[in-house]
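Tertiary structure, described
Chain residues, written in single-letter form:
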Amino acid sequence: MSWLDKILPSRIRATKDEKGSVPEGLWHKCSNCGAVLYTAEFDKNKHVCPKCNHHERISARKRISIFLDQGEHKEMFNDLSPKDMLKFKDKQKYQDKFEQTQNKTGEKDAF
């Protein structure tokens, strides 16, 4: 504890519980200029930083939902998944790499 913490009144001191009171995902930091942005405003601005006009990366599903009308689209062939017909091998098997990527992204295939 520093000397400043000792002389501050208790109502001004920050406690450890107060530090964790900000919900996760409330703020977004721009990867280009470092500006801290309110996530709701950042989403409303279609993931473009209002300070530097940098376009952040977004997922394919998010991009499709921006372009298409709400509730007006229907996903087709969502039950299909790719197969390794050639038994391709690199540093690791294609099937292993494919399953690893599926688990990471939560998608069956690329868009």
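Heads up: these notes are all about the structure in this document. In this text, all values refer to a predicted model and were calculated from it rather than measured experimentally. (Residues numbered from 1 in each chain as written. Predicted model: local features only at pLDDT ≥ 70, side-chain atom pairs only at ≥ 80, totals over all residues. Heavy atoms only, no water.)

**Some words on unusual backbone geometry**
Positive phi outside glycine occurs at Lys46, with the angle close to 60°. Along the polypeptide, Lys46 turns up in the loop between α3 (39-44) and α4 (60-67). Take Lys46: its relative accessible area is 47%, and that puts it in the partly exposed class. The phi dihedral of Asn53 falls on the positive side, at around 60°, and the residue is not glycine. Locating Asn53 in the fold gives a position in the loop between α3 and α4. (Helix = DSSP H or I, 4+ residues; strand = E, 2+ residues; numbered from the N terminus. Buried < 20%, exposed > 50% of the residue type's maximum accessible area, 1.4 Å probe, protein only.)

**Some words on the state of the cysteines**
Counting across every chain of the model gives 0 disulfides. The cysteine Cys33 is free of any disulfide, with Cys52 supplying the nearest cysteine sulfur at 3.7 Å. Taking the relative accessible area as the measure of exposure, Cys33 reaches 41% and is therefore partly exposed. On the basis of relative accessible area, Cys52 is assigned to the partly exposed category, the value being 27%. (Disulfide = S-S within 2.5 Å.)

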